[in-house]
Amino acid sequence: MSIARWRDPATGVNPFLPTRALANPAGESLGGTLRASLAIAKNSIIGPLLAALKLVLAAGIAMIFAAACAVSRIALSPFPPLRRSSDVFWAFVGGRSVLFILGFFYIRCDQHWMKKGLREREQLKRMTSSSIGSGDIIVANHSSYIDVLYLFAMYAPTFTMICPSTSAIRPVSLMTALFRTGEYPSPFDSSISSPRLDEICDSAGARLSGPVVVFPEATTTNNRGLLQWANVFGSVDASKYKIHVVGLRYLFRDFSPTYTIGGKANHMIGLAAQFANRLDVRICLYSPQNFEADGDLVDRLKDILTQTTRLKFTSFSVRDKQEFFDYWKARRDGTSGRKSRAPSATPKNTPSKVKIENKVN
């Protein structure tokens, strides 16, 4: 089996392969050579020291703010609205501080409108992230654990995880969402029942636990294409729930913040070794006019996500990502295949035998 098996014929994109920028792009002479020399110095000397300092500092700040948030939740538990305001405050201060330490100094966030009149656009301009309430749905593309950190910092939401084999969905904690990002898509424990998405939203609204974040691709991509979605919106009535669509794009030269496969610790070190990283966000806030047109809800949401991310859908899904994991593991181990799809077999290091695509987003 060839790596070309996962190159989408319609778009020419392999959405799973880790992307790296060229150290010396074709056509650049002195400037490219100097940049390559500086990159070598950074990767071998400055980068590891910078990464160690950043990761230790980020971990320390995260623990401080987690403790402060826990204390405030206990103290304000009799007052749900105040507890929610406290959660939003600590999530923004703590989460944004961690992102700043990791090099995301400025995150550009633009509002995207579907085709609307001038009056409606003026009304939507007055809407901000605070307009997204508990029980609302946030639909986003998924390329990195940075997605989770950003959404946590901005909305203090309820995260969800999707089963790749049954499309069942469950609410999960922030830490589970972070640790499971980019890991082998594993099936759920069948002994535990899974609620429907509308039930999760109703519970989040009643408990004031924030909007519900759904990554319908059910796994991560390299931010060069979108995957086909899991079937999780069947129970959702667009007239009852406010659905907001968030597009996340990473721009880079030397190191991609996207994480699809390989050692997560190594990726975090590489990310922290960068002086600066860039994340651009486009959000299409809920408007009834977004869903007035005839047609399937999922098709409408896909159209909105395509416009907010400026990415195209590929023919692949989370099951293809599982097969890519199998292939990656087999190439790393020098074997012809794998007998089972066990989550514990998730590859830990980037294999030297697989050629990495040199592509700048």
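What you are looking at is a predicted structure, and each value in this text was computed from that prediction instead of being measured.

(A) Representation of empty space enclosed by the protein within the structure. Tallied over the full model, the rule gives one cavity of 30 Å³ or more. Contributing to the lining of the largest cavity are 20 residues, with His 142, Met 161, Ile 162, Arg 180 and Ala 218 lying nearest its centre. Here the lining of the largest cavity gets four residues from one element, more than from any other, and that element is strand β4 (residues 158–162). Considered class by class, the residues forming the lining of the largest cavity number eleven nonpolar, seven polar and two charged.

(B) Local environment of unusual backbone geometry. Notably, Leu 208 is not glycine yet its phi reads approximately 55°, a positive angle. Structurally, the position occupied by Leu 208 is in the loop between α6 (197–207) and β6 (212–214). Under the relative-accessibility criterion, Leu 208 is labelled partly exposed at 27%.

(C) Representation of the confidence of the model for the protein within the structure. Scored by pLDDT, the protein comes out at a mean of 85, with 80% of its residues at no less than 70. Mean pLDDT per element in the protein: strand β9 (residues 357–358) is the minimum at 41, and β6 is the maximum at 98. Low confidence marks residues 22–27, where pLDDT is under 50. Its contacts with residues over four positions away, or in another chain, come to eight contacts. Overall, residues 337–361 carries pLDDT values under 50, and its contacts beyond four positions in sequence, including any with other chains, amount to 68 contacts.

(D) Structural view of the pattern of salt bridges. All told, the structure shown has eleven salt bridges when counted by the stated rule. For Asp 333, the salt bridge is made with Arg 332, and the minimal N-O distance between the two is 3.2 Å. The partly exposed category is assigned to Asp 333, whose relative accessible area is 34%. Within the structure, one salt-bridge network assembled from shared partners comprises Arg 5, Asp 320 and Glu 323.

(E) Focus on the packing of aromatic side chains. Inspection of every chain in the model, using the stated rule, returns 13 aromatic pairs. With centroids separated by 5.1 Å and ring planes inclined at 70°, the aromatic side chains of Phe 89 and Trp 90 adopt a geometry described as edge-to-face. Taking the relative accessible area as the measure of exposure, Phe 89 reaches 48% and is therefore partly exposed. Every member of this aromatic cluster is reached through a ring pair, and the members are Trp 6, Phe 16, Phe 316, Phe 324, Tyr 327 and Trp 328. Lys 302 extends its terminal NZ or CZ atom over the ring of Phe 313, reaching a point 5.3 Å from the ring centre.

What counts, and at which threshold
- Residues numbered from 1 in each chain as written.
- Predicted model: local features only at pLDDT ≥ 70, side-chain atom pairs only at ≥ 80, totals over all residues.
- Heavy atoms only, no water.
- 1 Å grid on protein atoms, 1.4 Å probe; cavity = no way out; pocket = protein on both sides within 12 Å on 5 of 7 lines; lining within 4 Å.
- Points joined across faces, edges and corners; volume = space filled by probe spheres on them.
- Helix = DSSP H or I, 4+ residues; strand = E, 2+ residues; numbered from the N terminus.
- Nonpolar A, V, L, I, M, F, W, Y, C, P; charged D, E, K, R; others polar.
- Buried < 20%, exposed > 50% of the residue type's maximum accessible area, 1.4 Å probe, protein only.
- pLDDT = per-residue confidence, 0-100.
- Contact = heavy atoms within 4.5 Å.
- Salt bridge = Lys/Arg side-chain N within 4 Å of Asp/Glu carboxyl O.
- Phe/Tyr/Trp six-rings, centres within 6.5 Å; stacked < 30°, edge-to-face > 60°.
- Lys NZ or Arg CZ within 6 Å of the ring centre and 35° of its normal.

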